[in-house]
Amino acid sequence: MIQSLELPDDYPWFKYVEPKDGESIASFIHRFRQAKGNRISSPSQLGEILGVGTAINCWENLQFGRKPTQEEVAALSKVTRVETDRLWQMFPPKGERSQPNVIRLCAACYQEGPYHRIAWQLRSTRGCDRHKLKLLMKCPGCETLFPVPSRWVEGKCQNKKCGMRYSRMAKHQAKI
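In this report, we go over the structure that sits alongside the text. (Residues numbered from 1 in each chain as written. Predicted model: local features only at pLDDT ≥ 70, side-chain atom pairs only at ≥ 80, totals over all residues. Heavy atoms only, no water.)

**Remarks on the overall build of the protein**
- Along the protein, the regular secondary structure elements total 6 helices and 2 strands.
- The secondary structure elements of the protein, listed N-terminal to C-terminal, are α-α-α-α-α-α-β-β.
- In the protein, of all internal contacts separated by at least 6 residues, the share reaching a separation of at least 24 is 56%.
- Taking the average location of the 29 positive side-chain charges in the protein and that of its 17 negative ones, the two points are 12 Å from each other. (Helix = DSSP H or I, 4+ residues; strand = E, 2+ residues; numbered from the N terminus. Contact = heavy atoms within 4.5 Å. Lys, Arg positive; Asp, Glu negative; His and termini not counted. Charge placed at Lys NZ, Arg CZ, Asp CG, Glu CD.)

See below:
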């Protein structure tokens, strides 16, 4: 059972982080944790603060084997000051399944705004509707799989021999 967050109205809130259009919960949680002034070292630490156990860790790793509860999302809302309805939009929609083991990316979208979109992870998504490009599942330079968004160091391939920037991968995406 989740412990209720009983915080006074004058609680010293963490720094507010504006959600981005179409952003995944994984990307948002990571940006919130890393925002200047917040500095929450791990998803586990945020889960402890919220009293939601391992839920935050699962969400930041795009693992949705267990549906998030209203109480968990409400606890995140209370600390982030983002409306629960807005947070729910960052999860796979009801009836949709996500691709948990393969992180997908539209490099053209990433070039416009460097964050992960929830639509990229949905099994029903075949490509980017905006750019009419197939989603990438690995680096086109070295074929290294993409890590979860919280490990997108400097927005580039994690293979030290490659290091191709995500924003430069768009030219390698095939048209739908």
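Following the structure, the description resumes.
**Quick notes on the pattern of salt bridges**
- Enumeration over the complete set of coordinates arrives at 6 salt bridges.
- One salt bridge in this structure joins Arg31 and Glu23, with 2.7 Å as the shortest N-O distance.
- Classification of Glu23 by relative accessible area gives buried; the value is 0%.
- Where Lys138 meets Glu143, a salt bridge forms, and the shortest distance between an N and an O atom there is 3.8 Å.
- Its relative accessible area of 36% is what places Lys138 among the partly exposed residues.
- Note on Glu143: relative accessible area 54%, which makes it exposed. (Salt bridge = Lys/Arg side-chain N within 4 Å of Asp/Glu carboxyl O. Buried < 20%, exposed > 50% of the residue type's maximum accessible area, 1.4 Å probe, protein only.)

**Examining the environment of Trp152**
- With respect to the helices and strands, the residue Trp152 is situated in the segment after strand 2 (133–134).
- By relative accessible area, which is 11% here, Trp152 ends up buried.
- C-alpha separation for the pair Trp152 and Ser27, spaced 125 residues apart in sequence, amounts to 9.7 Å.

**What about the environment of Ser124?**
- Relative to the assigned elements, Ser124 resides in the loop between helix 6 (107–112) and strand 1 (127–128).
- Along the backbone, Ser124 and Val17 are 107 residues apart, and their C-alpha atoms lie at a distance of 29 Å.
- A distance of 2.8 Å separates the side chain of Ser124 from the side chain of Glu96, its partner in a polar contact. (Polar contact = N/O pair within 3.5 Å; in protein donor to acceptor, adjacent residues only side chain to side chain.)

**A word on helix 4 (residues 70–80)**
- For helix 4, the full list of buried residues reads Glu72, Val73, Ala75, Leu76, Ser77, Val79 and Thr80.
- On its buried side, helix 4 packs onto helix 1 (25–34), helix 2 (43–50), helix 3 (55–60) and helix 5 (84–88).
- Backbone geometry just downstream of helix 4 places Arg81 in the positive-phi region, at approximately 65°.

**Describing the packing of aromatic side chains**
- Within the structure shown, the criterion is met by 9 aromatic pairs.
- Centroid distance Trp59 to Phe91: 5.0 Å. Interplanar angle 85°. Geometry classified as edge-to-face. Here Trp59, found in helix 3, pairs with Phe91, found in the loop between helix 5 and helix 6; they are 32 residues apart in sequence, far enough to count as distant.
- Judged by relative accessible area, Trp59 falls into the buried class, the value being 1%.
- With relative accessibility at 3%, the residue Phe91 sits in the buried group.
- Plain terms: the ring middles of Trp152 and Tyr166 are 5.0 Å apart, the flat faces sit at 75° to each other, and that makes the pair edge-to-face. Of this pair, Trp152 sits in the segment after strand 2 while Tyr166 sits in the segment after strand 2, placing them 14 residues apart in sequence.
- Overall, the relative accessible area of 0% leaves Tyr166 in the buried class.
- What links up through ring pairs into an aromatic cluster is the set Trp59, Phe64, Trp88 and Phe91. (Phe/Tyr/Trp six-rings, centres within 6.5 Å; stacked < 30°, edge-to-face > 60°.)

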